[in-house]
Amino acid sequence: MAVVLYFDHSQGQTTGNTVVVAEKIAALTESQLVPLKAEKSYPEDYQTLLQVTKAEATNQARPEIIPLALDWSKANTLFLGYPIWWGRFPRAVATFLENTDLSGKTIYPFCTHEGSRLGQSVTELQQLCPQSTIQTGLPVRGSKVQQSDQAIKNWLAQMTVN
Ligand SMILES: Cc1cc2nc3c(=O)[nH]c(=O)nc-3n(C[C@H](O)[C@H](O)[C@H](O)COP(=O)(O)O)c2cc1C
C-alpha cells in the first residue's frame, strides 16, 4: 500500500499549492491521500506566517501534529510532500519523522517552492530516516502546480525504472 502524506497549514477554505501536487500523485498512483496538520493554527497573514515560521526554524521547534489514523505496517511506500519553508520542510514534518518508525520503507519526497527547489529537505530527511530508502525528490514551483502533470509522470516513470 502506498500513502501520499502532505503537510497542510491551510485554514478553512484556503487551499495550498502542495495539496494540488499531492492529489495528482495520489490519483496517478492510486494511493491514499492523507493531510499532515499541526495542532496549532498557523497565521493566514503572510508576513505573520513568515515571522512565526522563522522563529520555529531558528528554535528547531517541533510543533505537535494531529495524530494520523494510519496503519504504517501496511504502507511500504510513502510519498511525502511539503512546501519549502526557510529552505527546509516545515518543522511539523520533522515532528512526524522523528515520531514515526519508517524503517524499511521507501520515501519519495516532493515539494513546492518558489526558487529553493528541494533546499536542505532531502539531506534532513536522510538524517531523520537513516533506515528508509530515500528516492530522488520532485520539486515543483508553487506557481506552476496546475501544470505539473508531465513532471510528475516523468518522475514516477523514472522511479519505476530504478
Ligand atoms: C513561511 C514561508 C517560508 C518560505 N520559504 C521558502 C524558501 O525558503 N524557499 C522557497 O523557494 N520558497 C519558500 N516559500 C514559498 C513556498 O515554498 C511556496 O509558496 C509553496 O508552494 C507553498 O506551498 P503551500 O501553498 O502548500 O503552503 C516560503 C513560503 C512561506 C509561507
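Residues numbered from 1 in each chain as written. Predicted model: local features only at pLDDT ≥ 70, side-chain atom pairs only at ≥ 80, totals over all residues. Heavy atoms only, no water.

The name given to the protein in an unreviewed UniProt entry is Flavodoxin, and the organism recorded there is Agrilactobacillus yilanensis.

Asker: Honestly, helix H3 (residues 91-99) in this entry has me stumped. Any pointers?
Answerer: In an α-helix, one full turn covers 3.6 residues, which means residues spaced three or four apart are oriented alike. The element H3 is largely enclosed, with a buried count of seven among its nine residues. Every buried residue belonging to H3 is among Arg91, Ala92, Val93, Ala94, Thr95, Phe96 and Leu97, and all of these are buried. Against the buried residues of H3 lie strand E1 (2-7), strand E2 (32-36), helix H2 (46-58), strand E3 (77-83) and helix H4 (121-128). (Buried < 20%, exposed > 50% of the residue type's maximum accessible area, 1.4 Å probe, protein only. Helix = DSSP H or I, 4+ residues; strand = E, 2+ residues; numbered from the N terminus. Contact = heavy atoms within 4.5 Å.)

Asker: Please clarify how unusual backbone geometry should be interpreted in this entry.
Answerer: Excluding glycine, a negative phi dihedral is what most residues carry, and trans is how most peptide bonds are arranged. Even without being glycine, Glu30 reaches a positive phi, approximately 55 degrees. With respect to the helices, strands and loops of the structure, Glu30 is situated in the loop between helix H1 (18-29) and E2. According to the relative accessible area criterion, Glu30 is exposed, its value standing at 76%. A positive phi angle, near 55 degrees, is found at Trp86, a position not held by glycine. Relative to the assigned elements, Trp86 resides in the loop between E3 and H3. Since its relative accessible area comes to 42%, Trp86 is described here as partly exposed.

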